Amino acid sequence: MPTFSTYDGTELAYHLVGEGKPLVCLPGGPMRASEYLGDLGGLAAHRQLVRLDLRGTGDSAAPAAAPLAYRCDRQVDDVEALRAHLGLARLDLLAHSAAGELALLYAARHPSRLASLTLVTPSATAAGIEATPEDRREAMALRAGEPWYAAATAAFEEVLAGRATDEVWATLKRFNHARWDAAAQAMVAASPRQTNQEAAAAFFGEGAFDPAATRAALAALAAPVLVVAGALDGGPRPAKARALAGLFGHGRLTVLEGAGHFPWLDEPGAFVRAVAGFPDSGTHGGHAEEEAAEAGGARPA
């Protein structure tokens, strides 16, 4: 397991999966070990995944200045230190869920260091785009036929009322998956042991974001950007993902029709086709291009 020393001396670990051109992968959670990304539904057959364990998670050490050093904006320098360690003049960067925040801040601070950016069902508070309870309810309504629907919607109301427990969160997380199968259940069951709760609480700390400044920087980004959304996901809904893609000069949105928040589990074939072929010629010359991808392939939206 390779490691490197970041700007404050913290020893961080990363995991190499597959072969080919490196794709640096940032895990969400927030602050969940990169183990849950696996091979991203088979993407490792096309790219070498460089899965970073963020500070204090997985095999990476905790910083001496915890919890302050866990704040999202303070981890941007960890990504830059990894780029330098890998010897890459520019990197292809993929971020899932809450790591979308970290990737957006990296893109704003180090635009010349990005070759491409892939945001998978991303959180985007850093750019002033947030999932609302109404977004969540809209997505939840798509699952009304599920046998667990009533229990999961009740769990959502418990969270909103501030009465969340581990059991409530586990029930609510069923909405993250298109199918409540063994793979989805294993993903949810592994989350507590893979997540640094102290770090997660500090990740969105006060002062982490300046949306106006970030949006201005992202508009000038020269690198192509792919936003991957799940049609069943509540955070972000496809409309919010479209708005995020529209912030970039070379933004593209792909909506995976049969996917929730973990699209490489729900629609691995469509996910790999969308991501492995990005960036490719002719797909990022315009502003906020869009397509919808299904299990059988991709079609114009």
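The structure we're discussing is the one just above.
**Student:** Could you give me a rundown of the overall build of the protein, with the residues and numbers involved?
**Tutor:** Scanning the protein from N- to C-terminus turns up 11 helices and 10 strands. For 301 residues, the compact-globule formula gives about 19 Å, and the C-alpha radius of gyration of the protein, at 18 Å, lands near that figure. Out of the 301 residues in the protein, the part that is buried amounts to 53%. Once local pairs closer than 6 in sequence are excluded, the contacts in the protein between residues at least 24 apart make up 72%. Here the protein contributes 26 positively and 35 negatively charged side chains, and the mean placements of these two sets differ by 2 Å.

**Student:** Mind laying out the packing of aromatic side chains, listing which residues take part and the relevant values?
**Tutor:** Within the structure shown, the criterion is met by nine aromatic pairs. Between Phe-204 and Phe-209, the ring centres sit 6.0 Å apart and the planes meet at 65°, which makes this aromatic pair edge-to-face. The class for Phe-204 is partly exposed, based on a relative accessible area of 37%. Judged by centre distance (5.7 Å) and plane angle (80°), the rings of Phe-262 and Trp-264 are edge-to-face. There is no split in this pair, since Phe-262 and Trp-264 are both buried. The structure contains a cluster of three or more aromatic residues connected by ring pairs, namely Tyr-36, Phe-262, Trp-264 and Phe-271.

**Student:** How would you explain the side chain of Arg-237 if you had to name every residue and give the values?
**Tutor:** With respect to the secondary-structure elements, Arg-237 resides in the loop between strand E7 (225-230) and helix H9 (238-245). Arg-237 gets classed as buried once you look at its relative accessible area, which sits at 9%. If near-sequence neighbours (up to four positions away) are discounted, Arg-237 is found in contact with Asp-135, Glu-138, Ala-139, Leu-142, Gly-230, Ala-231 and Leu-232.

**Student:** How would you explain empty space enclosed by the protein if you had to name every residue and give the values?
**Tutor:** Considering all chains together, one arrives at one cavity of 30 Å³ or more under this definition. The space that makes up the largest cavity amounts to roughly 30 Å³. In this structure, the largest cavity is lined by Leu-23, Arg-47, Asp-92, Ser-116, Thr-118, Val-275, Phe-278 and Pro-279. Of the residues that constitute the lining of the largest cavity, the class distribution is four nonpolar, two polar and two charged.

**Student:** Go over helix H1 (residues 76-86), please, and point to the residues and values.
**Tutor:** Turning to H1, its buried residues number three or more, namely Val-76, Asp-78, Val-79, Glu-80, Ala-81, Leu-82 and Arg-83. Against the buried residues of H1 lie strand E1 (3-5), strand E2 (11-17), strand E3 (22-26), strand E4 (48-52), strand E5 (91-96) and helix H2 (99-109). Within two residues after H1, Gly-87 carries a phi angle of roughly 75°, on the positive side.

**Student:** Please provide a residue-by-residue account of the pattern of salt bridges, values included.
**Tutor:** Charged atoms that come close allow side chains of opposite charge to pair. Tallied over the full model, the rule gives 15 salt bridges. Among the ionic pairs, Glu-35 bridges to Arg-193, the shortest N-O distance being 3.2 Å. In this pair, Glu-35 sits in the loop between E3 and E4 while Arg-193 sits in helix H6 (residues 182-194), placing the two residues 158 residues apart along the sequence. The class for Glu-35 is partly exposed, based on a relative accessible area of 42%. With a shortest N-O distance of 2.6 Å, Arg-55 and Asp-78 are connected by a salt bridge. Here Arg-55 is found in the loop between E4 and H1, whereas its partner Asp-78 is found in helix H1, with 23 residues between them in sequence. On the accessibility criterion, Arg-55 (0% relative accessible area) is buried. Each of the salt bridges in this network shares a partner with another, and the network as a whole consists of Asp-8, Arg-55 and Asp-78.

Reading the values: rules and limits
- Residues numbered from 1 in each chain as written.
- Predicted model: local features only at pLDDT ≥ 70, side-chain atom pairs only at ≥ 80, totals over all residues.
- Heavy atoms only, no water.
- Helix = DSSP H or I, 4+ residues; strand = E, 2+ residues; numbered from the N terminus.
- Rg over C-alpha atoms; globule rule 2.2 N^0.38 Å.
- Buried < 20%, exposed > 50% of the residue type's maximum accessible area, 1.4 Å probe, protein only.
- Contact = heavy atoms within 4.5 Å.
- Lys, Arg positive; Asp, Glu negative; His and termini not counted.
- Charge placed at Lys NZ, Arg CZ, Asp CG, Glu CD.
- Phe/Tyr/Trp six-rings, centres within 6.5 Å; stacked < 30°, edge-to-face > 60°.
- 1 Å grid on protein atoms, 1.4 Å probe; cavity = no way out; pocket = protein on both sides within 12 Å on 5 of 7 lines; lining within 4 Å.
- Points joined across faces, edges and corners; volume = space filled by probe spheres on them.
- Nonpolar A, V, L, I, M, F, W, Y, C, P; charged D, E, K, R; others polar.
- Salt bridge = Lys/Arg side-chain N within 4 Å of Asp/Glu carboxyl O.

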